[in-house]
Amino acid sequence: MINILTILWVLCLLCLTSSLNAFAFEKNCINYEGSTDKSHFATKTTYANAKTSFSEDVEIFNPYIEKVSDTCSSEPVLLWLITRHGIRYPIKSEVQRFSAMLPIIAQELVFNHKESRGCFTEAEAEVLEKFVMPYSVRDAAQLSETGADEQFKLGQFWRELFPHLFEEPFSEDLYEVEFTAANRTGQSAYHFLRGAFGEQAAANIPLPQPHSPNFKLRPYKSCPAWVRDVLKSKTTRQEQRLYQEEPEFQSMWKTVSQRLGYPQTMSLDDLMLVYEECRYEIAWWPDRDSVWCKPFSDQDILVLEYHQALRYYYEVGYGGPEINLEMACSAVADVNKHMRDYVEGTSSRRAMLYFSHDREILLLYTALGLFKPTSPLTHQSRADHVNGSYAISSIAPFSTSLAFVLYRCKDGSHRVGGYHQGLPLSLSPLCPDDTSGTCVWPPPKIQEVAQSCRIRQLCHAHDEL
């Protein structure tokens, strides 16, 4: 009799547990309305989602250009532009990892759905059941079709914004183009030139051969000191690891696992695989919904965005060691040289067009004091940095750009203006005593960084290839 009662008690307990689990899944699904905000996917955010439109009304620039100087003309004489490559496919190591794990996870999610767990609809479960990898190792790290289109539109944008600088046919005497040894930057350069100079002209432009080491556009790839002291340092990701223990991260992790139908919290590696595939697919197919994004609410995306921001803030930003302040000094020295040569009359160049990577552009911000937060990013300070200056999705999306523009004034002087994502950017960190948002040439900060640049001695020459 005791054995029968025990068995009945165990069965009741199992039923109760099952009911509670089902209630938890149902509750999470009821509260979940789906993520409609695509502008917070950190460095995998698209340019269009980080910026409202490629076709901003040029009239918004008039007040800014008038502020350049009371005596300056409204036409620039020199453009220095660095752009991150467009939307890409995962790098080789990601492709191998995704290909090994995502099909397995997809089938687990289908099983969970059939067991009445999770938040997927029948249609979404069918998509997962038929899931095949949308890329192969052959595509690894290459520019995607949407990335090509992104760069083409950027070329058109800059031509329309500053037609005076792009009115002449392409000539190596007037325009300098450079990119890194990574194919996606060379591909981005070609499609940008299509937009800026036209299809036929771009087809005949002789693109330069990339070189390595390239301390101007990718110094970290050729710097053993940075790899040792930053990339491989255990302290670099300490704040990110600590954030994973915070209640809001733990809650997100558990809730997403439940929405996916797992009775137990899934591994962090698997969670990040789902997140990565979600944000890649949103970038590749902007007009589609990705089934991999289903478990993430807008709040979950913000938590994961900050998780990513903590990585970059310490790896290539203000939270890292002093070497981070020096890594992009060659790029700053290049700005200084080209603008100085123009001012002194030894150069007739109209534009420098460079194509690089998110790390380089973030290091460039760090060198110049741009987008510096008022307080450090830590594992306990996300609330202090909501919509803050170091908003990683806004400052480092695909195709992000930073431009310095030299203006010649009617009184013979020159001023420098800044643009980020094609929109006016205050350069007050470069010349704190100037309240106009622009700087009299030469900006003190640019001179200081350029003159103290010792990146080659710091890193020693090392071929990234």
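Bear in mind that the values here come from a model prediction, so they are computed numbers and not experimental data. (Residues numbered from 1 in each chain as written. Predicted model: local features only at pLDDT ≥ 70, side-chain atom pairs only at ≥ 80, totals over all residues. Heavy atoms only, no water.)

Helix and strand content of the protein chain: 19 helices and seven strands. Within the protein chain, the fraction of its 465 residues that count as buried is 54%. At a minimum sequence separation of 6, the contacts of the protein chain that also span at least 24 residues come to 80%. Carbon together with sulfur atoms contributes 51% to the accessible area of the protein chain, which is approximately 21,100 Å² in total. (Helix = DSSP H or I, 4+ residues; strand = E, 2+ residues; numbered from the N terminus. Buried < 20%, exposed > 50% of the residue type's maximum accessible area, 1.4 Å probe, protein only. Contact = heavy atoms within 4.5 Å. Areas by Shrake-Rupley, 256 points an atom, 1.4 Å probe, with all protein chains shown as cover.)

This paragraph deals with the confidence of the model for the protein chain. Predicted confidence across the protein chain gives a mean pLDDT of 89, with 87% of residues reaching 70 or more. Residue range residues 10-24 is modelled with pLDDT below 50. Its contacts to residues more than four positions away, or to other chains, number one contact. Between residues 53-63, whose pLDDT stays under 50, and residues either more than four places distant or in other chains, the model counts 17 contacts. (pLDDT = per-residue confidence, 0-100.)

Next up on the list: unusual backbone geometry. It is generally the case that most residues other than glycine have a negative phi and that most peptide bonds are trans. Omega for the bond connecting Ser 212 with Pro 213 falls within 30 degrees of zero, at 5°, which places this linkage in the cis form. Its location among the elements puts Pro 213 in the loop between helix H8 (199-203) and helix H9 (224-231). For the bond running from Trp 441 to Pro 442, omega is -5°, close enough to zero to count as cis. Turning to its location among the elements, Pro 442 is positioned in the loop between strand S7 (439-440) and helix H18 (444-451). For Ser 116, which is not glycine, the phi dihedral falls at a positive 65°. Owing to a relative accessible area of 62%, Ser 116 belongs among the exposed residues under this scheme.

Where helix H11 (residues 247-259) meets helix H13 (residues 298-315), the closest approach of the two axes is 10 Å, and the angle between their N-to-C directions is 130°. Accordingly, the angle class assigned to the pair H11 and H13 is oblique. Two packed elements cross with a definite hand, and for H11 against H13 that hand is left-handed. Contact with H11, carried on its side by Glu 248, Phe 249, Met 252, Val 256 and Arg 259, involves Asp 300, Val 303, Leu 304 and His 307 of H13 and no other residues of that element. Looking at the contact of H11 with H13, its residues break down into five nonpolar, one polar and three charged. (Axes fitted to C-alpha atoms, helices over the stretch in contact; angles between N-to-C directions. Parallel < 35°, antiparallel > 145°, perpendicular 65-115°, else oblique. Left-handed = near helix turned anticlockwise from the far one by under 90°. Nonpolar A, V, L, I, M, F, W, Y, C, P; charged D, E, K, R; others polar.)

Moving on to the state of the cysteines. As enumerated under the stated definition, the model contains five disulfides in all. In this model, Cys 29 is linked to Cys 119 through a disulfide, with the two sulfur atoms separated by 1.9 Å. Between Cys 29 and Cys 119 the sulfur-sulfur dihedral comes to about -100°; the bridge is accordingly left-handed. One end of the pair, Cys 29, is in helix H1 (residues 2-31); the other, Cys 119, is in the loop between helix H4 (92-114) and helix H5 (122-129), and 90 residues separate them in sequence. For Cys 29, a relative accessible area of 23% translates into the label partly exposed. Judged by relative accessible area, which is 9%, Cys 119 ranks as buried. (Disulfide = S-S within 2.5 Å.)

Our next topic: the environment of Phe 131. Mapped onto the secondary structure, Phe 131 falls in the loop between H5 and helix H6 (145-161). Accessibility expressed as a relative area gives 15% for Phe 131, which makes it buried. C-alpha of Phe 131 to C-alpha of Ile 104: the two residues are 27 residues apart in sequence and 10.0 Å apart in space.

Ranked by internal contacts, the top residues of the largest apolar core, which has 102 residues, are Trp 292 and Phe 404. Residue contributions to this core peak at eleven residues, all from helix H12 (residues 268-284). Not counting residues up to four positions away in its chain, the partners in contact with Phe 404 are Leu 78, Leu 79, Trp 80, Val 335, Met 339, Leu 368, Val 416, Gly 417, Leu 427 and Leu 430. Counting residues in hydrophobic clusters, the runner-up holds 29 residues, among them Phe 157, Ala 202, Phe 355 and Tyr 407. (Core = buried A, V, L, I, M, F, W, Y, C linked by side-chain atoms within 4.5 Å.)

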